[in-house]
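# Structural description and commentary
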Amino acid sequence: MHKRKISLDDEMADAEGVGKICGLAKSTIFDWVKAGRFLPPLRNGSRYTRWRVDEVRAFRDAGFPLPVAKWQATWKAGKK
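The structure displayed is predicted, hence computed values, not measured ones. (Residues numbered from 1 in each chain as written. Predicted model: local features only at pLDDT ≥ 70, side-chain atom pairs only at ≥ 80, totals over all residues. Heavy atoms only, no water.)

Looking now at the pairing of strand 3 (residues 49–52). Of the pairings in the sheet, the one linking strand 1 (residues 12–13) to strand 3 comprises two bridges and is antiparallel in character. The residue of strand 3 that forms the bridge with M12 is R52. Judged from the two bridges that link them, strand 2 (residues 42–43) and strand 3 form a sheet pairing that is antiparallel. Among the inter-strand pairings, L42 is bridged to a residue of strand 3, identified as R50. In this antiparallel pair of consecutive strands, strand 2 and strand 3, the connection spans five residues, and G45 shows a positive phi of 85 degrees. (Pairing = 2+ DSSP bridges. Helix = DSSP H or I, 4+ residues; strand = E, 2+ residues; numbered from the N terminus.)

Here it is, written out as structure tokens:
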């Protein structure tokens, strides 16, 4: 998994929160991350795993597109 920096300005959600946003089980989220089908989480140490809520909602609204990295790059470029 790729490590990304955590911005304290962003609204963050843990796996349970992401599951509620997307209508997925926590185990499905982690399975999809491992398979490259879901956004990689932000990590700070071994116990802190979070996702940016705005990014998760946009990813969900786009229909969970593949490849994730290409969608993520396009989404981030559009935010600038």
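Moving on, we come to the packing of helix 1 (residues 15–22) against helix 3 (residues 53–61). Close contact between helix 1 and helix 3 brings their axes to 10 Å; oriented N to C, the two are set at 35 degrees. As for the relative orientation of helix 1 and helix 3, their crossing is right-handed in sense. Contacts from V18, I21 and C22 in helix 1 reach V53, V56, R57 and R60 in helix 3. A breakdown of the residues in the contact of helix 1 with helix 3 according to their chemical character gives five nonpolar, no polar and two charged. (Axes fitted to C-alpha atoms, helices over the stretch in contact; angles between N-to-C directions. Left-handed = near helix turned anticlockwise from the far one by under 90°. Contact = heavy atoms within 4.5 Å. Nonpolar A, V, L, I, M, F, W, Y, C, P; charged D, E, K, R; others polar.)

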